[in-house]
Amino acid sequence: MSKPVRPFLGESADARVKHRRDLFLKKGFEYMANNAWQQVSIAQLCRDVNLNKRYFYESFSGLAELENAVVNDLTGELLSIGFQASSEASSQQLTTEELAKFTLHACVSWIYQDPRKARVIFNKAADNPQARSHRDNVIEQMSQALASFGFDSHKPKAPELKITEAHQNIARLCSAVLIGGTIESILLWLDGKISLELDDFVDYIAQFWVALGDTATQIAIHENADPNQGDS
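What counts, and where the lines are drawn
Residues numbered from 1 in each chain as written. Predicted model: local features only at pLDDT ≥ 70, side-chain atom pairs only at ≥ 80, totals over all residues. Heavy atoms only, no water. Helix = DSSP H or I, 4+ residues; strand = E, 2+ residues; numbered from the N terminus. Buried < 20%, exposed > 50% of the residue type's maximum accessible area, 1.4 Å probe, protein only. Core = buried A, V, L, I, M, F, W, Y, C linked by side-chain atoms within 4.5 Å. Contact = heavy atoms within 4.5 Å. Phe/Tyr/Trp six-rings, centres within 6.5 Å; stacked < 30°, edge-to-face > 60°. Patch = residues over 30% accessible without salt bridge, like charges linked within 9 Å, V, L, I, M, F, W, Y side chains within 5 Å. Areas by Shrake-Rupley, 256 points an atom, 1.4 Å probe, with all protein chains shown as cover. Salt bridge = Lys/Arg side-chain N within 4 Å of Asp/Glu carboxyl O. pLDDT = per-residue confidence, 0-100.

Just checking my understanding: could you explain the environment of Glu-88 for this structure?
Mapped onto the secondary structure, Glu-88 falls in helix α4 (residues 63–91). Accessibility expressed as a relative area gives 39% for Glu-88, which makes it partly exposed. Spatially, the C-alpha atom of Glu-88 lies 9.0 Å from that of Leu-99, the residues being 11 residues apart in sequence.

How should the nonpolar core be read in this particular structure?
Core analysis: the biggest nonpolar cluster contains 54 residues, and Phe-24, Phe-56, Leu-66, Val-70 and Phe-122 have the highest contact counts within it. The residues contacting Phe-24, other than those within four sequence positions of it, are Leu-45, Cys-46, Val-49, Leu-51, Tyr-55, Phe-56, Phe-60 and Leu-66.

Could you clarify how one ought to interpret the packing of aromatic side chains in this entry?
Here a ring pair, both rings aromatic, is described through the centre-centre distance and the interplanar angle of the planes. For the coordinates displayed, the defined rule picks out six aromatic pairs. An angle of 90° between the planes, with centres 5.3 Å apart, marks the rings of Phe-24 and Phe-56 as edge-to-face. On the criterion of sequence distance, the pair formed by Phe-24 in helix α1 (residues 13–33) and Phe-56 in helix α3 (residues 53–57) is long-range, its members being 32 residues apart. Each member of the pair, Phe-24 together with Phe-56, is buried. Between Phe-24 and Phe-60, the aromatic rings sit 6.5 Å apart at their centres with planes inclined by 85°, giving edge-to-face as the arrangement. With Phe-24 in helix α1 and Phe-60 in the loop between α3 and α4, this residue pair connects regions lying 36 residues apart in the sequence. Through successive ring pairs, a cluster of aromatic residues spans Phe-24, Phe-56, Tyr-57 and Phe-60.

What exactly am I supposed to notice about a nonpolar patch on the surface here?
A cluster of nonpolar side chains, contributed by Leu-196, Tyr-204 and Phe-208, occupies part of the molecular surface with about 300 Å² of accessible area. Its place among the elements puts Phe-208 in helix α9 (residues 198–224). Note on Phe-208: relative accessible area 54%, which makes it exposed.

How should I be thinking about the confidence of the model for the protein in this particular structure?
Any region with low pLDDT has predicted coordinates that should not be read closely. Counting all residues, the mean pLDDT for the protein is 81, and 77% of those residues have values of 70 or more. Within the protein, helix α7 (residues 129–154) has the poorest average pLDDT of any element, 66, and helix α2 (residues 42–49) the best, 97.

What am I meant to see in unusual backbone geometry here?
Where the residue is not glycine, phi is negative for most of them; where a peptide bond is considered, it is trans in most cases. Even without glycine at this site, Asn-35 takes up a positive phi of about 55°. Along the chain, Asn-35 falls in the loop between α1 and α2. Taking the relative accessible area as the measure of exposure, Asn-35 reaches 69% and is therefore exposed. Of note, Asn-50 is a non-glycine position whose phi angle comes to about 60°, a positive value. In this fold, Asn-50 is placed in the loop between α2 and α3. When its relative accessible area of 69% is taken as the criterion, Asn-50 is described as exposed.

In structure tokens form, the structure reads like this:
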């Protein structure tokens with residue numbers, strides 16, 4: 001008979017807290033991914049991970065905070081993968097379309113490996129108003145990140161462009177359309193309602209991103225033009 005494993009032996013207090021927090025996050029994700037979140041209780045979670053309630057409350061004030069933490073951790077991982085991929089692609093001096101494909105492939109592949117991640121991050125049907133608001137903020141965060149990236153990516157095509165508040169609004173609008181549309185497309189694709197292989201799906205989405213990004217750049221250039229330019 002094997003001896004019981006003591007996972008906390010030799011670990012610092014902070015490491016033990018993190019370990020317990022991770023157990024709750026993992027179990028919370030499982031409930032959310034299986035559409036059982038509305039039926040779960042703190043007592044049930046504690047039984048599942050063999051910890052008492054005081055260990056739950058050392059990391060979370062309640063179920064809503066745990067739910068938000070699960071979404072935050074997944075979103076942080078997704079954004080990190082996206083930024084790392086775009087940085088790697090930029091260092092290779094890829095074209096805008098190649099860069100978009102490279103970055104999207106990294107992100108979509110991460111989701112494809114476990115489709116539950118997308119459903120947990122982007123589920124809008126939760127009964128918890130705080131959770132719905134949190135997911136809206138997550139999508140806004142992703143849109144802002146894409147808008148910032150878009151400026152860096154498309155600026156070389158219009159070096160004379162002076163970025164104004166109007167241009168920032170155009171970028172935010174473009175990013176919101178791209179992020180929102182991509183999320184819906186991914187969910188439809190994961191549900192089998194878009195019949196494409198992974199590489200083809202990514203290629204088409206990347207082409208849409210570049211096309212809309214180029215259109216947004218042209219709109220910004222037009223907005224930047226001197227309205228009295230032809231009145232000499």
